[in-house]
Structures are given as C-alpha cells and as structure tokens.
6 protein chains.
Amino acid sequence: MNKIAIYPGTFDPITYGHVDIIQRAAAIFDRVIVAVATNSQKRPLFTVAERMDMIRHVVGDIPHLEIDQIEGLLVDYAVERGAHAVIRGLRAVSDFEFELQMALVNRKLNEKLITVFLMPHEKYSYLNSSIVKELAQFGGNIECFVPKYVQEKIKEKMRNHERH
Amino acid sequence: MNKIAIYPGTFDPITYGHVDIIQRAAAIFDRVIVAVATNSQKRPLFTVAERMDMIRHVVGDIPHLEIDQIEGLLVDYAVERGAHAVIRGLRAVSDFEFELQMALVNRKLNEKLITVFLMPHEKYSYLNSSIVKELAQFGGNIECFVPKYVQEKIKEKMRNHERH
Amino acid sequence: MNKIAIYPGTFDPITYGHVDIIQRAAAIFDRVIVAVATNSQKRPLFTVAERMDMIRHVVGDIPHLEIDQIEGLLVDYAVERGAHAVIRGLRAVSDFEFELQMALVNRKLNEKLITVFLMPHEKYSYLNSSIVKELAQFGGNIECFVPKYVQEKIKEKMRNHERH
Amino acid sequence: MNKIAIYPGTFDPITYGHVDIIQRAAAIFDRVIVAVATNSQKRPLFTVAERMDMIRHVVGDIPHLEIDQIEGLLVDYAVERGAHAVIRGLRAVSDFEFELQMALVNRKLNEKLITVFLMPHEKYSYLNSSIVKELAQFGGNIECFVPKYVQEKIKEKMRNHERH
Amino acid sequence: MNKIAIYPGTFDPITYGHVDIIQRAAAIFDRVIVAVATNSQKRPLFTVAERMDMIRHVVGDIPHLEIDQIEGLLVDYAVERGAHAVIRGLRAVSDFEFELQMALVNRKLNEKLITVFLMPHEKYSYLNSSIVKELAQFGGNIECFVPKYVQEKIKEKMRNHERH
Amino acid sequence: MNKIAIYPGTFDPITYGHVDIIQRAAAIFDRVIVAVATNSQKRPLFTVAERMDMIRHVVGDIPHLEIDQIEGLLVDYAVERGAHAVIRGLRAVSDFEFELQMALVNRKLNEKLITVFLMPHEKYSYLNSSIVKELAQFGGNIECFVPKYVQEKIKEKMRNHERH
C-alpha cells in the first residue's frame, strides 16, 4: 500500500536541516507532502508563496514529493490527504518536549495519525530558521546553513526591509 | 517499493509499551522485524527463545511481522536484511539522549540506515521491562503492564527462582 | 492544625489538568485556595471574573475550597492568608526547571513558604490552556481537555472575537 | 482530619538533604513516617538498624515523626499505614524523570496514593548519600553534607572495612 | 601569552549571578571584556550607557577588566579584539541547550573561537535579570539578587515609568 | 601569571572527543595536565600505564601538556599542583547534570577551584569510551572514533581477552 507522510512546518526559510529531514522521509515513505503552515503566530519573513517557491527550488527534484500549504488543524489536513504519518525533526531536548506534546495532542484528536520523529545529521543539530535570519541580519555568513538560492532570497528581503 | 523496518530490543519481557510501538510501526512499514538482542549486558530474566515465544503469542497475528534474533551489530544486521529503518520508542528525556546517541553512532557506521522514533501511548510513558520485573518480584499487580500470557510466564519464572 | 495551601495560576481557562491538581491538593490539605493571577503578562482571553466563574462552576463543589484573586507577589499573599504551602503542577522537564526557579525565588523571599509539586494524571501530561485556546481557534474538538461549561464559554468568546 | 505522609528511601546514610525534606514534610503533614527500604538493590553500607539509628539521632526530636522500615511494595505499605501521600525530594532533571516514573507506577497500583514532591534547599541540590560515601572513602571532608553523628558512624564503618 | 576572554550579555541589569561569573573568569583569564549587547531583541529597561555604568560601579575594581559594548556579530567582535574565548554562564538544563546551540553556531562562523562555560554559585542558580525586574515591579525585596547601586537604579527607573 | 588546568578522566581509552577537548584547553591555558584516574569504580579495559601511554602517543606533541595520574580526591590533587581550573567536556544534558553536581561538590571542598566546561566538536557529541569498546567487541569499525594507535591497542586487548 502507498504510505503517505506529511512534513508540516513554517519553513521561513527552508534550511539544510529541513532538507536533511525531507531526504530521510523520502527514503522511508512512498509519498512525502511538505506542508507550509499559513497561520503561523510568529510573523514570517517570507510569504507562503515565497516559502513554497524556495522549497521547490531546493528539494523539488526529489521524486514523489509534493509541496502544499496547510491552513487549519494538521489532523484535519492529514485525514483529507489520507496520510498515515506526520514527520517531525528532533534536534534537542527542548524540541523533544514540545514535539511530544504536539504529538500527544494530535493523537488525541485523531488516534490513527502517527507522528514519526527523524533526527537530522548532527552537523545541523543546532540549526533553525530563526538563527539563519538573525545571522543574516548582522551580515553573518550563512552558506553552511541554507542553499545558495535561499541565501539570495534572504539577502534580497533584507535589502528591501532596509529600504523601507 | 517494500519498506522494511527493524525494531531491536531486549524484550525481557515484551510489555504493552512494546506492543504499542509494534502496532504503530506495522501501520507505517510494509514489513516489521522484531529483533531480540541476544547479547544484552544486563542479565536477562528470560532466554532468547522464551522472549521470542512471548512476542509471538502477543503480536504474532499482526500481518507482515517477523520475529528474529540479532547477535552482532545492529547496522550489520540491517544491511543483511535489507532494512530501510530502525524503529525506537521514545518515552522520556533520558530515553531521548541515549537513543540520539545510538542513532548517531549507527548512522556513522552506515550513513543510509535511518532511525525512526515513535512514541508509545502516554499511558505507557513510564513503562519498561525492569519495572514490571521489580513489581512482580514483590507481588505487585502487573496486569496493566503486560499481556496475560506474559504475566503467567513471569510468575512461573519467579516461582522457579524461589525454589532454587 | 489546619493546613492551608494556595494554588496560584492564570487559569485562562481552567482545564481538566488543573481540576486534577485541585482534587489532589484537596485530598492533602485542609483548605485549598485557588488564586487567579490578575497581572499576567500574557494577555488573557478571559477576564479575572470570567476565569473565577469558570473555576467555580467546575470545582466549586469541592469542600474547603476557596476561589480568590491575587494581585501582588505570591509570597505576600501567602503570608496574608496564613498559608503553609504553594501548590504547583509538574508535567514536563521544561515545567520542572521553571517551577524550580520560581520555588527558589519564593523561598528566598519567605523561607517558611513551602512549594509542593503535584503531578497531574498522565493523560493530562501534555495539556495546558494555550493549547486548548489554539485548538478552539481552528475549530478543533476540545471536549477531552476542558469541562462542558468551559467549552461553551470558549466558543462564546471566539464568536465575539470574530464579530469584532 | 489527620494527614499522614510516608517519606521512603534507602537513607544509607541520612544526609542534610534528607533532613531538609523531612523538616518541610513535617511542616505540612500531621504525621510523617520516615520509611527505610530494606530491600535496596544497591548493597547498602549500613544495616537497616544502623540507618534507623542514625535517622533517630538526627531528626528524632521532630514531633509527630515516626521511623519505620518497609519491606514489600510502597503502595501496600501506604495502605496498611493509612497514608495520604508519599514524599519525594526533587533535586535535578534526572531525579525528576525517575521520580515521575515511580509516581505514575504507584498511582497505577493505587489511584488514591498521591506523590508529593518537595525541593531541598539549593545548597543541598547536588547532595546524595553516594557522594558522601565516595568522599569519605578518599578522606574528603564531609562535615557540610552530614550531621556529626553520621560522620562518626561513617568513619567507624570505613575503619572496619579497611581492617577486613 | 596574554589570554583574553569576552563575556557578552544584555546585563539589564547586572545581577550577583553575573558578578560571580565575572570574578571566576577574571581568575582564569589575563584579561576579561564584559561586552554589553546593544541590539537585544528584548526591549531593555536600561540604556546601554546605564547598563555599562552599573557594571562599572559593581565590578569596575577587578583588575584587567574592560567594559565595552558590542553591536554586530559576537564572532566578528571577538576577532577584532583578539579574544581566545567567549565566557557563558550555565545555570540550568534550559540554559545548557540554548548555550550549546549558540556555541556551535559561533564555532561554525569561526572555528578558532572557544566557548568556555562557567557555573555560578548554586545560590544564584535560579537568578536572572528578568526575575529581578519582575520582583521589583511588584515591590519585592531584591537585595539578595543585585548590589545596592543597582537596586537604587531599578527603583529610580520604576518611579519614572510610573510617572509616565 | 601562568594558568594551569587539570583535565581529569578515566581515558579508557582516549577518543577523538578527548583529543578535541585537550586541544581547546591547550589554546586557553598555559599548562594543561591530563590526569588519569587510577581508582575508577568501573573496571577499566586498560591499565593506568597503558592509558597514559596511549594519551602520550596521541596528544604528546601538544606543547605545555603534562600527562599524570591521580589517586585521591581531585580537589587535593588540584591544590598540590597549584591548578586554577578543572576542565570537563560537556556533550549532552545527562552529562550536564552529573558534571554540575561534581563541580558543586568540588567547589564545596575547595571554594577557589573553578570548573571550566568545554564542548567537543558536534561530530563527537555522541562519543564516549564505552561505545568505542562495545563497537570493537562486535567487530564494528571504530576508525572515526579513536586514533590509529588506539585502534590497534584495542584490537590487541580484545585478542588477548578472547584467548583467555
């Protein structure tokens, strides 16, 4: 049977850590849906369309991968898409507790939905989108953290912000 | 493509927490191999044959499940069996750190092997085989923790121990 | 001697997790004061009066329970009320560190005040008021998390918010 | 109503950290039973009688305190003694996880038994009986960690060990 | 060779916990630069000049200590100053994870920069600037937490805030 | 003034993780003493002389480094050697709590002794001597974890163990 997994997130922007998780998920599941959350409470730097565009540039060539957006509750979206699993990356203990909590809540809302935790390569264990944006803001070198295309988009965005 | 996962452990004995993880794994992978470690440093209460027998009684009816034993390194066994993933249960922060460490070591030994972490139902979050054995030793009620067949086997074992 | 305990919190709104802690506290202490913090930095969804009203509906029938509000420092309030202990719920490691910190600060301010930690039932281990509000916002089913009366009050509040 | 609490432990030997917890427990409960575990898996340095004797010397003058031994399961002992609560000290995150696990298991075995966590003074946050014994073995100064009477008993024991 | 260390932070305001770390750093390094971050995302209560002034009053007499401000990336500042190490205080597990992350990012940006973690005295293990400000706001006694000069500056600031 | 640091440990055997910490320590301190503990409770695979020999082969060319053994209490040895600091590596949260505890105990015994925590490169974050020995025992490839000389010594030792 075809096994479908959803990898939800804000992806503001996609980092090498996300790429690593997507590649692992694609090696296990028959179909992986990268689902960009549109209703993040943290004000994103990039629009949903921009975030989806960057994901497409970076991992668009992985077969059986789909890039989508998600508006309501993850559990409702998962049912709608016929997904068997939700993918989450685990880096640190603080991640672990929050992710555990979300997984338990989601299971309460839909007993059948299974949360699958994957670990990024240890060289990305400290990496998240906020750090990348903060570094970029102070002119730090972010080439170890995000693909070239994303680097350019961040620089563009920063230039526009300064102008205003 | 057929996706194969290995769920290694000591299973001394299998608990409802293990059952829960096996059921989740079976819902995601096309084939799940429950692999009983024969070389555990902790002196097990049950022989490998007894542990495999209990697993068979408890989850033997799950389709596409195989029960095996594993002697050498997990990564070698995984290659030999053509497995895509290793399943591990995550209950607590202390689990998390140890499991992370093992997953990183295994990845170092075989870059392609992916460790997949699943979370048991929160009602088994505190459960492990050692607690079950300790409770049984003092005559505690273990029916919430292990299936009936395992309860009986533990009682038998305890009776034999006392006799000697 | 009559032993008095204060259970301080924002209770925005009260959840089954809070109810569980209140019941345990009431089994140990001769008098329990549920003290609603009026000066929370997080902007509450409900007014202090509304929060106290929901608490009254949900646990008002527990004997020797009092529902009050607290404005200044917890240690001052505790002295004023002649309390022997402060009750706090412990769910996760992240809770633990914050609660430890607060307990140490409070002890520094009043050496006699004892913080007592209780653990909610594991089925509420992931539960807090923020998650309930977030779920409700996206139309999620919250009946496992809060009593019926609170569910209705949340729905009312959400409807009013949308109107404005 | 008279509220009874049990403070179980190995107390091999009692430290200032234990004394601190006992004093706090005695301020909250009408009766506190310090219950020395006789079946510890760790081989104790002192016999049960010696451990009870040291506890009596150190905290015997606290009113409404009882010193007892416990052989079987804590939950059975608690029922037998009519206890409302079990007291446990919480020092660190690693404590927290183990204690949480034990509290959940005990609650499963007896829903009515409430585990109450107390925090020792931060100056004892790092202290346990094993460290005291290890220090004593290498001639370290342990006067900050255990009362004078316990110091002497440890020295005696160490001298006897060396002789044999 | 002269060993130089930077101790970066917001210091809004300096507490006894910071003082403790500065004293330890000064015992190990030949020169310690206390570097006040000017671009903190949290809105500080005190201006950079006020924060530097308080640091000067409190630890200005420690030899080989310098008080400076830092605007851009820490790694750039460290290179500019010829520093061998960055000093960070470690109090709790939550500190630990964040600090680890920052240290790893900084090492990625400059392989030569070494982060050195020091532990404050356990009596300051729970202490941070936010707690001091929160206590002061509600009229709590903060004399155990900050030096007299800082107490006065906080009171002044609070009075001014109320007036506006 | 010459700053001296002690890096104590069992080093059974030295791994790339230890090497990494030694190199960082040597960049900060004027003199680093690698002190092999002779009284480890865990039964070491290698004798103290063998462990010191391996350390010498692996890091012996680092200037101002000394390799010694330590028998009694670390704090006594530190005073005897005129050391300013004790070096400890920090990898994970579980490390952190134990190390914190030891640092607090050591500080209690000698207020002047400062524990300095360094973080190994993230690629060694999961590495310790036990894992290396366990892998070697099952014929795993350990070349990423220990230098060539140590690999050979481990193989020799394992061959000898098998013969007996």
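### Let's talk about the overall build of chain A
Alright, step 1. Scanning chain A from N- to C-terminus turns up 6 helices and 5 strands.
Alright, step 2. Sequence-ordered secondary structure for chain A, helices as α and strands as β, is β-α-β-α-β-α-β-α-β-α-α.
Alright, step 3. For 164 residues, the compact-globule formula gives about 15 Å, and the C-alpha radius of gyration of chain A, at 16 Å, lands near that figure.
Alright, step 4. Judged by the C-alpha coordinates and their principal axes, chain A covers about 50 × 30 × 30 Å.
Alright, step 5. Restricting the contact set of chain A to residue pairs at least 6 apart, pairs at least 24 apart contribute 77%.

### Some remarks on the interface of chain C and chain D
Alright, step 1. Listed by partner, the interface residues are 30 residues for chain C and 30 residues for chain D.
Alright, step 2. Summing both sides of the interface, chain C and chain D together bury roughly 2,700 Å²; the carbon and sulfur share of this comes to 63%.
Alright, step 3. Three residues, C:Ile28, C:Arg107 and C:Met119, lead the burial of chain C against chain D; their summed loss comes to 24% of the area buried on that side.
Alright, step 4. On the surface where chain C and chain D come into contact, there are 2 salt bridges.
Alright, step 5. Close ionic contact of D:Glu122 with C:Lys108 constitutes a salt bridge, the shortest N to O distance being 3.6 Å.
Alright, step 6. Taken together, the connections running from chain C to chain D amount to 7 residue pairs in polar contact (both at pLDDT 80 or more).
Alright, step 7. Put simply, the parts of the chain that give the side of chain C that touches chain D at least two residues each are α1 (16-28), α4 (93-109) and β5 (114-118) of chain C.
Alright, step 8. Considered class by class, the residues forming the side of chain C that touches chain D number 18 nonpolar, 3 polar and 9 charged.

### Concerning the relation of the copies chain C and chain D
Alright, step 1. Least-squares fitting of chain C to chain D yields an RMSD of 0.0 Å, with the transformation described by 0.0 Å of translation along the axis and a rotation of 180°. The symmetry that links the two subunits is that of a two-fold axis. Among all residues of chain C, the one whose C-alpha sits closest to the rotation axis is C:Phe117, at a distance of 2.4 Å.
Alright, step 2. Mapped onto chain D, 100% of the interface residues of chain C are again interface residues, and the two copies thus contact each other with one and the same surface.

### With respect to the interface of chain E and chain C
Alright, step 1. Listed as interface residues are 15 residues of chain E and, on the opposing side, 11 residues of chain C.
Alright, step 2. Where chain E abuts chain C, roughly 1,100 Å² becomes buried across the two surfaces, and 69% of that area is made up of carbon and sulfur atoms.
Alright, step 3. Where chain E meets chain C, there are 0 salt bridges.
Alright, step 4. The tally of links from chain E across to chain C stands at 1 residue pair in polar contact (both at pLDDT 80 or more).

### With respect to the arrangement of the chains
Alright, step 1. Contact between chain A and chain D is absent, and the least distance between their C-alpha atoms amounts to 12 Å.
Alright, step 2. One finds no contact between chain B and chain E; the C-alpha atoms of the two approach each other to within 12 Å at their closest.

### Points about the packing of aromatic side chains
Alright, step 1. Scanning the entire structure with this criterion turns up 18 aromatic pairs over all chains.
Alright, step 2. Ring geometry for A:Tyr126 against A:Phe145: centres 6.1 Å apart, planes inclined by 85°, an arrangement best described as edge-to-face. Of this pair, A:Tyr126 sits in the loop between β5 (114-118) and α5 (129-137) while A:Phe145 sits in the loop between α5 and α6 (148-163); the two residues are 19 residues apart in sequence, bridging distant segments of the chain. Like A:Phe145, A:Tyr126 is buried.
Alright, step 3. Between the aromatic rings of C:Tyr16 and C:Tyr124, the centroid separation amounts to 6.1 Å while the plane-to-plane angle is 25°, which identifies the pairing as stacked. Placement of C:Tyr16 in helix α1 and of C:Tyr124 in the loop between β5 and α5 (129-137) is noted, with a sequence separation of 108 residues between them.
Alright, step 4. With a relative accessible area of 26%, C:Tyr16 lands in the partly exposed category.
Alright, step 5. Residue classification places C:Tyr124 among the buried residues on the basis of a relative accessible area of 13%.

### Focus: the environment of E:Ile33
Alright, step 1. Along the chain, E:Ile33 turns up in strand β2 (residues 31-37).
Alright, step 2. In contact with E:Ile33, not counting residues within four places along its chain, are E:Ile4, E:Ala5, E:Ile6, E:Tyr7, E:Glu66, E:Asp68, E:Tyr77 and E:Arg81.

### Observations regarding the side chain of B:Asp12
All names here are of chain B.
Alright, step 1. By the element assignment, Asp 12 lies in the loop between β1 (4-9) and α1 (16-28).
Alright, step 2. The buried category is assigned to Asp 12, whose relative accessible area is 4%.
Alright, step 3. Of note is the side chain of Asp 12, whose polar atom sits 2.7 Å from the backbone nitrogen of Leu 45.
Alright, step 4. Here the side chain of Asp 12 touches Lys 133 through a polar contact of 2.8 Å, side chain to side chain.

### Concerning the relation of the copies chain E and chain C
Alright, step 1. For the pair chain E and chain C, the superposition axis carries a translation of 0.0 Å, the fit reaches an RMSD of 0.0 Å, and the rotation angle comes to 120°. Classification of the inter-copy transformation places it as that of a three-fold axis.

### Examining the pattern of salt bridges
Alright, step 1. For the structure shown, the criterion picks out 52 salt bridges over all chains.
Alright, step 2. Note that F:Glu66 and F:Arg31 form a salt bridge whose closest N and O atoms lie 3.3 Å from each other. Within this pair, whereas F:Glu66 is found in strand β3 (residues 65-70), its partner F:Arg31 is found in strand β2 (residues 31-37), the two being separated by 35 residues in sequence.
Alright, step 3. According to the relative accessible area criterion, F:Glu66 is buried, its value standing at 18%.
Alright, step 4. Of the residues examined, F:Arg31 reaches a relative accessible area of 30% and is grouped as partly exposed.
Alright, step 5. Each of A:Arg31, A:Glu66, A:Asp68 and A:Arg81 takes part in a single network of salt bridges with overlapping partners.

### Thoughts on the pairing of strand β1 (residues 4-9) of chain A
All names here are of chain A.
Alright, step 1. Within β1, 6 of the 6 residues are buried, leaving the element largely enclosed by the surrounding structure.
Alright, step 2. A two-sided burial pattern is seen for β1, the buried positions comprising Ile 4, Ile 6 and Pro 8 on one face and Ala 5, Tyr 7 and Gly 9 on the other.
Alright, step 3. Summarising the sheet, β1 and strand β2 (residues 31-37) pair through 6 bridges and their orientation is parallel. Looking across to β2, one finds that Ile 6 is bridged to Ile 33.
Alright, step 4. For the segment spanning β1, helix α1 (residues 16-28) and β2, crossover handedness is right-handed.
Alright, step 5. Note that β1 and strand β4 (residues 85-89) share 2 bridges and pair parallel.

### As for unusual backbone geometry
Alright, step 1. That bond from B:Asp12 to B:Pro13 is cis: its omega, 0°, falls within 30 degrees of zero.
Alright, step 2. Topologically, B:Pro13 is positioned in the loop between β1 and α1.
Alright, step 3. In the Ramachandran plot, D:His64 falls in the positive-phi region, its phi being about 65° despite a non-glycine side chain.
Alright, step 4. On the secondary structure map, D:His64 appears in the loop between α2 (48-59) and β3 (65-70).
Alright, step 5. The exposed category is assigned to D:His64, whose relative accessible area is 54%.

### Here's the deal with the environment of A:Ile55
Residue and element names in this part refer to chain A.
Alright, step 1. Here Ile 55 shows up in helix α2 (residues 48-59).
Alright, step 2. Overall, the relative accessible area of 0% leaves Ile 55 in the buried class.
Alright, step 3. Linking Ile 55 and Asn 106, residues 51 residues apart in sequence, is a C-alpha distance of 25 Å.

### Quick look at the environment of F:Tyr126
Alright, step 1. The buried category is assigned to F:Tyr126, whose relative accessible area is 2%.
Alright, step 2. The residues contacting F:Tyr126, other than those within four sequence positions of it, are A:Glu122, B:Gln101, B:Leu104, B:Val105, B:Lys108, F:Ile131 and F:Phe145.

### Overview of helix α2 (residues 48-59) of chain E
Alright, step 1. Residues E:Val48, E:Arg51, E:Met52, E:Met54, E:Ile55, E:Val58 and E:Val59 constitute the buried set of α2(E). Across the axial projection of α2(E), the buried residues extend over an arc of 160°, all falling on one side.

### What to know about the side chain of E:Thr15
Alright, step 1. For E:Thr15, the position within the fold is in the loop between β1 (4-9) and α1 (16-28).
Alright, step 2. Residue class for E:Thr15 comes out buried when judged on its relative accessible area of 2%.

### A closer look at the confidence of the model for chain A
Residue and element names in this part refer to chain A.
Alright, step 1. Looking at chain A as a whole, its pLDDT mean stands at 91, while 96% of the residues score no less than 70.
Alright, step 2. Looking at the elements of chain A, mean pLDDT is at its lowest for helix α4 (residues 93-109), recorded as 81, and at its highest for α2, recorded as 98.
Alright, step 3. For this predicted complex, the interface confidence reaches an ipTM of 0.90, while the overall pTM sits at 0.90.

What counts as what
- Residues numbered from 1 in each chain as written.
- Chains lettered and ligands numbered in written order.
- Predicted model: local features only at pLDDT ≥ 70, side-chain atom pairs only at ≥ 80, totals over all residues.
- Heavy atoms only, no water.
- Helix = DSSP H or I, 4+ residues; strand = E, 2+ residues; numbered from the N terminus.
- Rg over C-alpha atoms; globule rule 2.2 N^0.38 Å.
- Contact = heavy atoms within 4.5 Å.
- Buried area = accessible area lost by both parts, 1.4 Å probe.
- Salt bridge = Lys/Arg side-chain N within 4 Å of Asp/Glu carboxyl O.
- Polar contact = N/O pair within 3.5 Å; in protein donor to acceptor, adjacent residues only side chain to side chain.
- Nonpolar A, V, L, I, M, F, W, Y, C, P; charged D, E, K, R; others polar.
- Least-squares fit on C-alpha atoms with pLDDT ≥ 70 in both.
- Phe/Tyr/Trp six-rings, centres within 6.5 Å; stacked < 30°, edge-to-face > 60°.
- Buried < 20%, exposed > 50% of the residue type's maximum accessible area, 1.4 Å probe, protein only.
- Pairing = 2+ DSSP bridges.
- Right-handed = clockwise from strand over helix to strand, strands pointing away.
- Arc of directions from axis to C-beta.
- pLDDT = per-residue confidence, 0-100.

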